[in-house]
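Fold and geometry: a report
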Amino acid sequence: MADLPSDKVDEAKQVFECFDKKYEGKVDNFYIGDMLRSMGLYPTQAECEKRGQTKKAGEKTLKVEEFLPIVSEFYKMPAKNFGTYEDFMEGLKLFDKESNGMMSLAELTQVLVAMAEKLDPRVVEEILRSTETKDDAEGMFNYDVFVKALLKGPFPNES
C-alpha cells in the first residue's frame, strides 16, 4: 500500500495473520479494534465500528487487503484525535466539584470501568500504578498531575 510505510504494511500483515484463526486469509470484523490496538494504535469502539467492526463475532469477515486501508487511515490521523492535554483536562474538570484541581479517585475509577469506552478494572489499576496516582486522606487526587503523567508515558507499543 503506497501511503503506508513498508514496515507498517509488514506489521499489519503479521497482526492480521495472528488473528486469522482458521488460516483462510480472513479475520472476523469483530477483531478490527484488537488488531489496531496490537499495533500500538488507540481507536475507540465507535471509530472501529465506523470502519466495519461488528458488535458480535461471526457476523462478517475481512481480508488483509481490506484491513490495510483501515490501518493507513489510523496512521494518518493527527495525534490530537487520540486526546490532548486540553481534552483530558476539560473532561476531568466536570468531576472537579470544588474547582480546586482535585477529584475523587474512586469516581475516576468508576467512570473508567463503567462509562462509554469501558476499561477492565485491571487496566485502570495499571494506569494508576504506572502514573503513580494515589489519593489523599480525603480520597482526592490532583488530576493535572495525573494527566501529565498519563501523556508522558511509558507507551509500551511505541518503538
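In this text, all values refer to a predicted model and were calculated from it rather than measured experimentally.

The next thing to look at is the overall build of the protein chain. When its secondary structure is counted, the protein chain shows 8 helices and 4 strands. Order of helices (α) and strands (β) in the protein chain, N terminus to C terminus: α-β-α-α-β-α-α-β-α-α-β-α. Here the C-alpha coordinates of the protein chain stretch approximately 55 × 30 × 25 Å along the principal axes. Counting all 159 residues of the protein chain, 33% fall into the buried class. Sequence separation of at least 24 residues holds for 62% of the intrachain contacts in the protein chain that already meet a minimum separation of 6. Total accessible area computed for the protein chain in this model is approximately 10500 Å², and 54% of it derives from carbon and sulfur atoms. Seen as two clouds, the 22 positive and the 31 negative side-chain charges of the protein chain have centres 5 Å apart.

This part covers the UniProt feature "domain: EF-hand" (unreviewed entry) in the protein chain. As recorded in UniProt, the feature "domain: EF-hand" (unreviewed entry) lies at residues 7-42 and 83-118. A distance of 19 Å separates the end C-alpha atoms of residues 7-42, which is 56% helix and 8% strand.

Residues Glu-98, Asp-135, Asp-136 and Glu-138 make up a contiguous surface patch of negative charge. Within the secondary structure, Asp-136 is located in the loop between helix H7 (121-130) and strand S4 (140-142). Given the relative accessible area of 35%, Asp-136 is considered partly exposed.

Attention now moves to H7. The N-cap residue of H7 is Asp-120: its side-chain oxygen and the backbone nitrogen of Arg-122 are 2.7 Å apart. Just past H7, the residue Glu-132 takes up positive phi, approximately 55°.

Here helix H5 (residues 85-93) crosses helix H8 (residues 143-152) at 145°, and the two axes come no closer than 10 Å. As for how H5 packs across H8, the hand of that crossing is right-handed. Across the interface between the two elements, Tyr-85, Phe-88, Met-89, Leu-92 and Lys-93 of H5 pack against Tyr-143, Asp-144, Phe-146, Val-147, Lys-148, Leu-150 and Leu-151 of H8. The residue makeup of the contact of H5 with H8, split by class, is 9 nonpolar, no polar and 3 charged.

The next subject is the state of the cysteines. Applying the stated criterion across every chain yields a total of 0 disulfides. The thiol of Cys-18 is not disulfide-bonded; the next cysteine sulfur, from Cys-48, is found 18 Å away.

This brings us to the pattern of salt bridges. What the rule picks out here adds up to 9 salt bridges. Note that Lys-97 and Glu-107 form a salt bridge whose closest N and O atoms lie 3.0 Å from each other. Of this pair, Lys-97 sits in the loop between H5 and strand S3 (102-104) while Glu-107 sits in helix H6 (residues 105-114), and the two are 10 residues apart along the sequence. On the basis of relative accessible area, Lys-97 is assigned to the exposed category, the value being 64%. Residue Arg-122 pairs with Asp-120 through a salt bridge whose shortest N-O separation is 3.0 Å.

Tracing the backbone shows Phe-146 in helix H8. Along the chain, Phe-146 and Lys-134 lie 12 residues apart, while their C-alpha atoms are 9.4 Å from each other. Among residues more than four places away in sequence, those in contact with Phe-146 are Leu-92, Leu-108, Ile-127, Leu-128, Thr-131, Thr-133 and Phe-141.

What counts, and where the lines are drawn
- Residues numbered from 1 in each chain as written.
- Predicted model: local features only at pLDDT ≥ 70, side-chain atom pairs only at ≥ 80, totals over all residues.
- Heavy atoms only, no water.
- Helix = DSSP H or I, 4+ residues; strand = E, 2+ residues; numbered from the N terminus.
- Buried < 20%, exposed > 50% of the residue type's maximum accessible area, 1.4 Å probe, protein only.
- Contact = heavy atoms within 4.5 Å.
- Areas by Shrake-Rupley, 256 points an atom, 1.4 Å probe, with all protein chains shown as cover.
- Lys, Arg positive; Asp, Glu negative; His and termini not counted.
- Charge placed at Lys NZ, Arg CZ, Asp CG, Glu CD.
- UniProt positions renumbered as here; feature names shortened; annotations may be inferred.
- Patch = residues over 30% accessible without salt bridge, like charges linked within 9 Å, V, L, I, M, F, W, Y side chains within 5 Å.
- Salt bridge = Lys/Arg side-chain N within 4 Å of Asp/Glu carboxyl O.
- Polar contact = N/O pair within 3.5 Å; in protein donor to acceptor, adjacent residues only side chain to side chain.
- Axes fitted to C-alpha atoms, helices over the stretch in contact; angles between N-to-C directions.
- Left-handed = near helix turned anticlockwise from the far one by under 90°.
- Nonpolar A, V, L, I, M, F, W, Y, C, P; charged D, E, K, R; others polar.
- Disulfide = S-S within 2.5 Å.

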